[in-house]
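A look at the structure
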Amino acid sequence: MSTAHYALHGSIATLSLDNPPVNGLGHALRSAIVDGLQRAALDPQVHAVILIGSHKAFCGGADIREFNTPKASLAPTLRDVNVAQDEFQKPLVAAIGGFALGGGLELALACHYRVALRGAQLGLPEVKLGIIPGSGGTQRLPRLIPLADAVQMMVSGNPARAKQAKAWGLVDELVEGDLLQAALAYARTLVAQGRGPRRVRDLPVRFDGDAQAFVAELRLNVRQRWRGYPAPLEIAACAEAALFRPFDEARQFERSRFEVLVNSAESKALRHAFFAERQTSKIPDLADDTPVRDIRRAAVIGAGLMGSGIAMCFANAGIPVTLIDTKKEALERGLENIRKNYAASVSRNRLTEPQMNERMQAISSALDLGAAGEADVVVEAVYERMDLKQDIFRLLDRIAKPGAILATNTSTLDVDAIAAVTGRPQDVLGMHFFSPANVMRLLEVVRGERTGKDVLASAMKLGKALGKLPVVARVCDGFIGNRMLEQYVRQSLFLLDEGATPQQVDQALQAWGFAMGPFAMYDMAGNDIGREIRQRRAKERPELRYSALAERICERGRFGQKSGKGWHRYEPGSRAPLPDPEVDALLAAHRAALGVTPRTIGDAEIVERCLLALVNEGAQILDEGVALRASDIDMVYLAGYGFPPYRGGPMFYADNRGLKDILESLHRYADGYEGAFWQPAPLLERLAGEGGSFGAFRRAVNT
Ligand SMILES: NC(=O)c1ccc[n+]([C@@H]2O[C@H](COP(=O)([O-])OP(=O)(O)OC[C@H]3O[C@@H](n4cnc5c(N)ncnc54)[C@H](O)[C@@H]3O)[C@@H](O)[C@H]2O)c1
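What this report covers is the structure whose coordinates are included nearby. Everything quoted here is computed from the prediction, not taken from an experiment. (Residues numbered from 1 in each chain as written. Predicted model: local features only at pLDDT ≥ 70, side-chain atom pairs only at ≥ 80, totals over all residues. Heavy atoms only, no water.)

The number of helices and strands found in the protein is 28 helices and 17 strands. Computed over the C-alpha atoms, the radius of gyration of the protein is 29 Å, within 12% of the 27 Å expected from 2.2 N^0.38 for a compact globule of 703 residues. Referenced to the eigenvectors of the C-alpha coordinate spread, the extents of the protein come out at roughly 90 × 60 × 55 Å. Taken over 703 residues, the protein has a buried fraction of 55%. (Helix = DSSP H or I, 4+ residues; strand = E, 2+ residues; numbered from the N terminus. Rg over C-alpha atoms; globule rule 2.2 N^0.38 Å. Buried < 20%, exposed > 50% of the residue type's maximum accessible area, 1.4 Å probe, protein only.)

Bringing the side chain of D43 into the picture now. Here D43 is to be found in the loop between helix 1 (27-42) and strand 3 (48-52). Here D43 sits buried without a salt bridge, and the closest side chain of opposite charge, K90, lies 6.2 Å off (N-O distance). When residues no more than four places from it in sequence are discounted, the contact partners of D43 are Y6, L8 and K90. (Lys, Arg positive; Asp, Glu negative; His and termini not counted. Salt bridge = Lys/Arg side-chain N within 4 Å of Asp/Glu carboxyl O. Contact = heavy atoms within 4.5 Å.)

Around the ligand, the surrounding shell holds 23 residues, and the nearest of these are M306, D325, E384, K389 and N409. At 3.5 Å from an oxygen atom of the ligand is found a main-chain nitrogen or oxygen belonging to G304. Among the elements of the structure, helix 12 (305-316), helix 15 (386-399) and strand 15 (428-433) are those that each provide at least two residues to the shell around the ligand. With three residues, the top contributor of residues to the shell around the ligand is helix 15. (Near = heavy atom within 4 Å. Polar contact = N/O pair within 3.5 Å; in protein donor to acceptor, adjacent residues only side chain to side chain.)

A few words now on the nonpolar core. If you look at the biggest cluster of nonpolar residues, it comprises 94 residues, and the most contacted ones within it are I480, Y488, I662, L684 and F694. Sort the elements by how many residues they give to this core and helix 24 (residues 603-624) lands first, with eleven residues. With residues up to four places along the chain from it excluded, the contact list for F694 reads V615, A619, L622, A630, M651, A654, D655, L659, L683, L684 and L687. The next biggest cluster of nonpolar side chains, apart from the first, holds 71 residues, and it includes L144, I145, L147 and F253. (Core = buried A, V, L, I, M, F, W, Y, C linked by side-chain atoms within 4.5 Å.)

This part takes up the environment of Q139. For Q139, the position within the fold is in helix 4 (residues 137-144). Each C-alpha atom, one on Q139 and one on P246, is 9.9 Å from the other, the two residues being 107 residues apart in sequence. Discounting residues that sit within four places of it in the chain, Q139 has contacts with C238, A241, A242, F247, A250, R251 and E254.

Per the counting criterion, the structure on display carries 53 salt bridges. Between R198 and D172 there is a salt bridge, with its nearest N and O atoms 3.2 Å apart. Here R198 is found in the loop between helix 7 (179-192) and helix 8 (211-225), whereas its partner D172 is found in the loop between helix 6 (162-168) and strand 9 (173-175), with 26 residues between them in sequence. Here R198 falls in the partly exposed class, since its relative accessible area comes to 24%.

What follows deals with the environment of V49. For V49, the position within the fold is in strand 3. Classification of V49 as buried rests on a relative accessible area of 1%. Between the C-alpha atoms of V49 and K328, which are 279 residues apart in sequence, the distance is 68 Å. Excluding residues that lie within four positions of it along the chain, V49 makes contacts with A13, L15, L37, A40, F88, P91, L92 and V93.

With that out of the way, let us pick up the state of the cysteines. Tallying each qualifying case throughout the model produces zero disulfides. Unpaired in terms of disulfides, C59 finds its nearest cysteine sulfur in C111, a separation of 11 Å. Given a relative accessible area of 0%, C59 falls into the buried group. (Disulfide = S-S within 2.5 Å.)

Pasting the structure below:
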């Protein structure tokens, strides 16, 4: 049962928050705090009160178990608690260990004094869920720390360390050792010095200068930096309110903006993503206590683009790794690229020189596959050829130590066929990193037919240890992300056939929120890669039609950024895509050859068609069980494909619009250009007919 335990230590009363795991501010805890304050107020023996959590957690904010339940808004709310704190007539001290986040920091801000353990973190991360602090945080924080820093803290959502908090004045004293004893000593000193309650609401906002100009500039910056996100702009509005309105009025303004944001589409999408991320690690047929294998050493085979990035991931996580390539020059180039990459991080102050040296030392190299014999996990990242990969796995079967996890980074090949050449298919799975591997968060963990449960659990755990977001996929060509991307690519090309330009398609999708337009993305990845895929498709699935435009671009050597021209043109040394009349001429000739009279296609149609291409394939992937759940597909797109977080992912987008509406759009497009593309996935048809949603869909056998 969650509560706040009341105890007396001489003249000091303590209220110990007790609602594991993070002391979430559920109704019972809120009530217990108010009750405790009343009791202390009435006891003449008590001269000061300490609000304390554990060493690991002061308070993590709202109790997520109460989300969307009536209890969340049942009195006393956090606002009521804050009023009780403000009105409390004896010094009230927050003793912060671990973290004080969101409502947890608002609770601490409404105390009169704050002490914190050195390692503690204090933050208002609400913006990450598309909302703002709703219980006075936007008004109290800038009364304790400079307004510009307060705004920065709230707009980024990133917590501050206790040391920084002390330097700002957010924390009155940094303490070490036993938090309770240190807080008691602090409170006794307050009492001895005769210092009374100090209401933060009565302090002036910490700002000097031209308030109007500050707010105007802030709005401008936030608009540019956080396009599409309404919450940061509301934080700017609350900063303005702090400057120009009395506390209570500004507090009410904050609350009204909070209410608007909670109901916004963007916040719903961001909250969806928050929960979706936590869902990814839940694998229905994998018990929580599935044993995991110990991973102390890694080997990466292939020192190319991916292999060198993957080796960095291990080194960054403190796992010694051997990078292996049979070609000396390739190995040297790989190591050199790693060195350059780290050096760039040092020059940007993201890494210190000793850290760089430590990481370089964690990476050893070898020309012989035998060096993989010591590793607990081997990641193969050689050329995308089945014969080559199978040869390597045959060899690994002989040399890898028993129990080693054998992973392939293949993007498209059949992981089961790779596993089948070994005598230990239970140890084999796919670990599909994304480029650049040391940067991209997404990791598709590809579960083969015979992958052992402990191996799957180990790979998921390892992925997290590498700082990745692991998402489980079943074996199929392209897994989740690239399989959907292929349909997006096909549709983007059909749009050009019909009359759109690469600039228009890119701009439309970027304006909708994608990190990058598709054609700029193809130019970055290299158009020759797409050509290889199409050539393979022509043999495997001749019915899958591609616009011949992609071929026309490659024939002219327009491979993308690496050749200075692709769908766009690039100035030497620049990655900025520029329009190219040669491409316009090529498009015109191509359309003439097709007999297509170009038409003007609106941005809304461009966006919708590209999204529906993703959604329809996503539905198929869900139906086949390639993804465990729709929200996993969303996470793949959010973490790996630059899908705008405030839109929640393609499946969330579809559910939000309603699947009936989505299906109607598919039917409408089926009457247009390349109509065969729009054959609805059976699951989409079924769910639309039943009034169902992707989010609620679960396969009967979900293994
Ligand atoms: N490039 C991407 O964006 C990307 C993304 C995800 C996955 N992948 C997959 O990762 C793998 C590698 O792709 P890449 O882009 O890094 O290729 P790459 O061409 O940059 O590197 C491949 C490396 O493998 C080495 N190699 C070849 N045969 C070898 C052998 N027998 N033993 C040891 N090393 C050998 C080569 O010398 C080369 O250095 C492929 O399976 C690819 O599909 C690529």
